[in-house]
Amino acid sequence: MESSELIPRAYQEEIFNRARHENIIAALDTGSGKTYIAVLLIRWLATQSPGTRKIHVFIVPRVPLVQQQVDFVAAQVPLTVRGYYGALVDSWQHEPARWSQEFNECDVMVMTAQVFLDAMLHAHWSMAQVALLILDEAHHARKNHPYNQILRDFYHTCEPRDRPKIFGMTASPVWNHKNPGVSLQALEYNLHAKVVGVLENKDELWEHSPRPIEIIREYPAPSESLPGYPSSLWQLLADLELHSHPVIVGGNLEVRYDVTVAEVGPYGADFYLSTHLRSLVSDLVRKHQYNYMVTQADLHQAGMLQDVEAMSVDSKESDLSSTLIQVETLLEQFGQTMSFEESFPILPEWLSPKLRVLVSVLMERRSSSFQGIVFVEQRQVAATLAWILPRIPELRGWIATGALIGHGVGRRESSVNQGMVEKKQQETLKAFRMGACNLLISTSVGEEGLDFPACDLIVRYNQLQNMVGYLQSRGRARRFDSTYIIMIPEGSQADHTRYNAMRESEPEIKRLYQYPRRSYTSEMEEEEPDDSMDLAARQRYLIASTGAVLTFGSAISLLSNLCALIPHDKYTQVLQPQYAGSFQMTVTLPSALPIPRDCLVHYGAVRRTKREAKASAAFAACKALHELKVFDDYLLPARKTSGAEIEDADGHPIPEVGLVSEMMDVLVCDPWSPWHCPGGEEAMSSSAWVYPLLFADQIESRLGLVTANNLGHLTPLTCRQVHIRFGFPMQVFFRSESELQLLQAYATFGIQWCNTSKRVKSPLACMLALLNSEGSLDFESMQDAVQHPTRQGNITHEDDGRLVLRCQLEFGRPLLLRCLREDLTPLSIPVSSNELAPVEHATYADLYEWQNKHRTRPLDIPKDGALLQVETFVRNFNSQYRLKMDTPAEIIAETSNPPKRNQKLVPEKLCESFTFPEHVRQGFLFLPPVIRRVTDVFRARSAIKQLGLPPMEEDIVVEALSLPCATAGFNNQRLETLGDSVLKLCVVVHLFNAYPFRHEGQLDGMRKNSVSNRVLLARAKEIGLERFLTSEPSAVRKWRPSSGDGRFVDGVWFAERKFARRSLQDCMESLLGVSYLSGGINMALQAGTALRLCFGGTEPWARRYKAQDATPIPPFFNGLQQALGYQFTSGELLMEAITHPSFQSDNACYQRLEFLGDALLDLVVMDYLFKKYPNATSGQLTWAKSRAVCAPALTTIGVKQLSLEKYILYNNVELGKALSQSAPEHKDISYDQIVLEGWKYEPPKALSDVMESICGAILVDSGYNFERTRAIVERVMEPLLRVLQTNLPRDPTSELMLSLARKSCQHAKFEKFASEAGQKQQNNAIRFLVHGVTIGAPLRTAVGGLTRLKALLAQRVKGQLEDPNSEFYVEKLCDCRTKGKQNKTQTVDVAREDLDDEKEEEFAVLGALELREVEGILENTGDDEGEDDEEQEQDEEQEHREDVDLQDIKAEDEVWPPMEADTVYEPMTTEDEEDMYFDEVVEKMLFG
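A short tour of the structure in this document, coming up. From a predicted model like this one, the values you see are computed outputs, not experimental measurements. (Residues numbered from 1 in each chain as written. Predicted model: local features only at pLDDT ≥ 70, side-chain atom pairs only at ≥ 80, totals over all residues. Heavy atoms only, no water.)

Side note on the overall build of the chain
Phase 1: The number of helices and strands found in the chain is 51 helices and 39 strands.
Phase 2: Expressed as a percentage of its 1488 residues, the buried residues of the chain come to 56%.
Phase 3: For the chain, the share of sequence-separated contacts (at least 6 apart) that also reach a separation of at least 24 residues comes to 75%.
Phase 4: On the chain, roughly 62300 Å² of surface is accessible, and the fraction owed to carbon and sulfur atoms is 50%. (Helix = DSSP H or I, 4+ residues; strand = E, 2+ residues; numbered from the N terminus. Buried < 20%, exposed > 50% of the residue type's maximum accessible area, 1.4 Å probe, protein only. Contact = heavy atoms within 4.5 Å. Areas by Shrake-Rupley, 256 points an atom, 1.4 Å probe, with all protein chains shown as cover.)

Right under this line is the structure:
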């Protein structure tokens, strides 16, 4: 069908006009342009009712038709046309907001019927929103097809005024040619439309829809014997008695083989059987691990050789192994006499009589432009015909074939028994349309809908089954000289009769809908094929809150989907509901569903058909499950965990956070409001608050911190072993504005010389001031200091170690006097401390002259006077302080070996001393940490008050709100790690109790939504958490407490800051960590509720949740309880905890308790490590925890401490074998070994699951007494916890990720693939790729063992990537670093365990997380902080260059230590002069 602009034909206009006035089903031949009539309707309706917003829905029965119809419609109308099918919408199809968005943005929606039905069932869509409903291949609207469900359950129940117009399209409206009137009436009833044909323009229709010549070709029956053909492959199987082996002949293989012999012949049938057997053998070999490509050397290197040697093969596996060897040998022997290579000659007698007739039919129509289709019934026949036809001598070089079969239930295109994947279908269709393939061998999938070119020949290779198949397949032959061949066995009168009946009934059928008939009435209901009494008894279950509807048509699939979500391991089959009965059915749900046992069986009503009886039972079950909250109000069993619209566990929307910038510009509450009032910048404050500062053991304060507002009680701090306290604040009032200006000038001068080295240009928001003996501001002394900041001369030995100077040789650098050297003058001779030999300069004066010669304004160097021994005065620009009391050992380490400062000599007459007393200098040196402490406490108090947090220790809250980028000496990362575990447990306990009848698979999705980075970020933004975070670097080269970096908002002062958005997520968790440390789980519940997390409220668990009823404990568990040190109250709970899903019983299985226990163990282990290792980093804690809560470690604890393998209830032979092999192995493993090399072991998951479920059961049984449960779990796990360290080595996979992250490589991943040709969908091997290059040799996968195999592969390739001599050296392959690509983790909003190392982007993120944990990488916070760091480095480097290294000297030494003047002192540069001149200008501006 062409997609260019078309002009309607007269018969199309005729049908269009009828469609405008009523619902119709257009019955027109294939190729007559039915879709264009639909386009005419869309155009017309698009101009109607402009004030209403409705869209046009075009539904199709098959996926390939979606894009075909989208392309055609979009080319004909100026509207937005989009297509939708299952794989395309899977990620968001249950999001009402996304559907609403599509509805608002789209005009025409082309979709498969199932997608439309699902949207209707879950109330994401309504029939009233549709203006036109177009149904392609409308004859499918029968029985339980989605077409019929849509119309029956939603169109017929919609208010008549809201119903859309119906336009159906079909070439064959009748299935049953024996009773066409009933078929037509049923279709019209189902579609609420009338079947119509062309009445007035039949001749034109005939011109555009020519009929082919129909010919019957008979073929002889196949011979019972096969003369001239060697022994068939099937006979060889029979000779070895393999033809009856259940594994070999499963799936009706013999029947399919016999059909292929009859349809194609023995040679083709043997090709099919050979292909099938080779695929089967490959699958079984892979499944049973006989083709495992790990060499013994590899295993020995990994320490796993003993595992392989210990493996045993039971009799069943031995039998299978022998059978596979026999089949392989048989195929090799058969291949020696019979080949399937293209060049192998095919004899005519090897073809079936039917195929020889087909060959003659094709030869009769040979031409250069030939195109044809052969329709067959079975897939293997289609595939075999497509293979053999081009190899037949008569057709070789002319016929190019392609097979077209349906999707089926499989996805492996290698096997002729399986369906065809969509991509392969599209490739085949494209080849046929383009002429690369001229003969298509198709099953029924090619009969309808698909856009094929008009064909010369259509062959019905198999018998006609119904009227639809006859008309649809014939419609493909629509050239004027086309031929339609029906192949019938010789002498088959029944086939002749069936064909003739269909052909003769066609005119009668057309007369039924081409001529006027009575209109539709409700009487048709009595004539529909489904039983009318059953239909009348159908119910609908409407959920008022959402509009979702449960129907008989949807109930069966909803129930199956729910059960399919139940988690299962390799020892448990996918669970499904079981139906029993005939006209009244019961449905039994899997016992793994955690619902009341009396709710596992549901009864349907008596119905007149089995299908309706089954639907009735499913309907009753679904309704009951919704009442139990197993289904939500959208009738969904699980909530979405990604997409535009998701909800947390309590049903609160989680906003999309994609628009939140990676680096956020935020306003942070700040205590340092400026000195002007919010009403206007010119209105200065008339008062201030003064906080006296007391250092060490001071009783009387001589310094005060002056602020514009009352900050309340300020807590003390410790900095550099000096304890600093704050006195009671007092309010002072300024008599004039000049007093405030005096305070500003005094503090600015002190900050410049003691802290920043630069003048603070903006007005200060807090100041340090002198206090008099009465505790008031000493304006007189400050005035004197401002007017006379320095003095010259009068230096005595009493000033040694106390006086701060500045020298004209280095005007901008303050110096500390170490000693007055009256024994030396500028004319003294510099000598070496060892050899008293003259150096390059004859005198110190010559040295100073040499330093001075490059100045534009040289200094006058004095020749007399004493020299001063000085060192650089150390400014303090670091605001770090001690948050917690240090241990004595740490104090000793800090005070011992004080750093030496470089010293030098300067002339006394070129120096002047500052008038600041020593205690004032001390005050300014401690001013940065004082300000930081006040800021931290202010924000902590503000957060507690404004967020409604429970009362918590201020210091820990300060730590929780301090970002790593603040470099404060402490940060929130440890607390964040602890809080993550607290968050997980509190959410899981809430879910466990709020949804008691939802299974683990459902709860896990809800948990992910409730603990994800996305929800943490969204909730943090909702409560405004960013207002309280501290991100300012500890270095204060840029003085932040000034009025130049913030603004008033609603009368409150906020500072402008910038930090990464992930900081909000971390702080949410760190606050939970604080609350847990401050008041346990109960306080954590209060904090989490204040942070709007899904904790179920603030009420303690013990009061919130009902205690377990006491039930008898079987003596069987006495040993387990003794090992636990805990006596259970509920025997039923203990039974549940040890019941594997494979064990069918009256108890639920352990999965829910395992879900709870997993979260419990996470917190117990993290709490233990957090307290045991107070100095461990977040990454160290996380890694150590992961070594304790992994499956190998928990299995080891379970079997060594509790002997859990003796208690598990299961019903699976393979699981029993695995337990019997794994348990002894883990009993012999030491705890050190399992912690260090746990990756080498992969025990059955059931053992670690039961360990977790037992712990979860203790928590529930104890009435949710967490402290008691924690003590029990710690005692049981103590042998393992004892060996955990913070410096544990990483497993090989983590080491590989870490190695590549250090190289900033962003293009690496593991990849599963098919190791053999022809096995495209069988990923039986794994390799590692860097920038698309496979590193080293791949390894074969096996059933299970993937984690261990990846580790083994990682261990191998890491060495190659790090070896500069290797061809795989990473720097030869990777250019990510040179291209500026960086490791980033900020954008990741998914949990670490959900990241996939088989995707490049997620592998890179995992590596970046490893690097962040190991090396403590901090996220950037903004440009100004980076500039501060750069300035600090430059200043320190300059100081290092200018300082002089001097040796300590004794007081009685007569000489000065050696001076290398030419290397120690550098000449004054122009830049130095500019700095000096700037300092002079600053001094004049300040002091006049």
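Back to the text.
Considering the packing of aromatic side chains
Phase 1: Counted under the stated rule, the structure contains 36 aromatic pairs.
Phase 2: Judged by centre distance (5.8 Å) and plane angle (35°), the rings of F695 and F926 are tilted. Taken together, the positions of F695 in strand β22 (residues 687–695) and F926 in the loop between α28 (918–925) and α29 (927–947) put the pair 231 residues apart, joining distant regions of the chain. For the pair formed by F695 and F926, the shared burial category is buried.
Phase 3: These aromatic residues form a ring-pair network of at least three members: Y229, Y267, F271, F334, F340, F344, W350 and W387.
Phase 4: The positively charged end of K614 is found above the aromatic ring belonging to Y579, 4.8 Å away from the centroid.
Phase 5: Between K1200 and the ring centre of Y1231, over which it is positioned, the NZ or CZ distance is 5.3 Å. (Phe/Tyr/Trp six-rings, centres within 6.5 Å; stacked < 30°, edge-to-face > 60°. Lys NZ or Arg CZ within 6 Å of the ring centre and 35° of its normal.)

With respect to the side chain of S591
Phase 1: Among the secondary structure elements, S591 is positioned in the loop between β17 (585–588) and β18 (601–603).
Phase 2: Those residues within four positions of S591 in sequence are excluded, and the remaining contacts are R597, L600, F1143, Q1144, S1145, N1147, A1148 and C1149.

A word on the sheet that holds β18
Phase 1: Spatial strand order, β16-β17-β18: 3 strands in an open sheet with antiparallel pairing. Where the open sheet ends on each side, the last strands, each with one partner, are β16 (578–581) and β18. Here the strands of the sheet are splayed against their neighbours by 20° on average, with no regard to which way each runs.
Phase 2: Here β17 pairs with β18 via 3 bridges, running antiparallel. Note on β18: the bridge partner recorded for V587 is H602.
Phase 3: Running at roughly 45° to β17, helix α23 (residues 610–627) makes contact with β16, β17 and β18 of the sheet. (Pairing = 2+ DSSP bridges. Axes fitted to C-alpha atoms, helices over the stretch in contact; angles between N-to-C directions.)

Points about the packing of helix α38 (residues 1151–1172) against helix α44 (residues 1266–1282)
Phase 1: Running from N to C, α38 and α44 cross one another at 70°; their axes reach a closest spacing of 10 Å. What the angle tells us is that α38 and α44 run roughly perpendicular. α38 and α44 meet at a crossing whose hand is right-handed. Together, L1160, L1161, L1163, V1164, V1165, D1167, Y1168 and K1172 of α38 and F1266, T1269, R1270, V1273, E1274, M1277, L1281 and R1282 of α44 make up the contact between the two elements.
Phase 2: Looking at the contact of α38 with α44 residue by residue, the classes come out as 10 nonpolar, 1 polar and 5 charged. (Parallel < 35°, antiparallel > 145°, perpendicular 65-115°, else oblique. Left-handed = near helix turned anticlockwise from the far one by under 90°. Nonpolar A, V, L, I, M, F, W, Y, C, P; charged D, E, K, R; others polar.)

Brief notes about the pattern of salt bridges
Phase 1: Summed over the entire model, instances satisfying the criterion amount to 54 salt bridges.
Phase 2: Here R802 ties to E918 by a salt bridge, and the two come within 3.6 Å at their closest N and O atoms. One end of the pair, R802, is in the loop between β28 (790–791) and β29 (804–807); the other, E918, is in helix α28, and 116 residues separate them in sequence.
Phase 3: Here E1398 ties to K1312 by a salt bridge, and the two come within 2.8 Å at their closest N and O atoms. Taken together, the positions of E1398 in the loop between α47 (1370–1373) and α48 (1400–1415) and K1312 in strand β36 (residues 1308–1313) put the pair 86 residues apart, joining distant regions of the chain.
Phase 4: On the accessibility criterion, K1312 (30% relative accessible area) is partly exposed. (Salt bridge = Lys/Arg side-chain N within 4 Å of Asp/Glu carboxyl O.)

Thoughts on the pairing of strand β27 (residues 766–770)
Each regular strand displays side chains that alternate between the two surfaces of the sheet.
Phase 1: With respect to burial, β27 is a largely interior element, 5 of its 5 residues being buried.
Phase 2: Across 5 bridges, the pairing between strand β23 (residues 703–707) and β27 is antiparallel. Within β27, the residue paired with T707 across the bridge is C766.

Considerations on unusual backbone geometry
Phase 1: A positive phi angle is found at T967, which is not glycine, with a value near 45°.
Phase 2: With respect to the helices and strands, T967 occurs in the loop between α30 (954–961) and α31 (973–994).
Phase 3: Residue T967 is classed as partly exposed on the basis of its relative accessible area, which comes to 35%.
Phase 4: Phi at R1092 takes a positive value of approximately 65°, unusual for a residue other than glycine.
Phase 5: For R1092, a relative accessible area of 45% corresponds to the partly exposed category.

Let's talk about the environment of K423
Phase 1: In this structure, K423 sits in helix α18 (residues 422–434).
Phase 2: When its relative accessible area of 64% is taken as the criterion, K423 is described as exposed.
Phase 3: Taking the C-alpha atoms as reference, K423 lies 9.7 Å from P64; in sequence the two are 359 residues apart.

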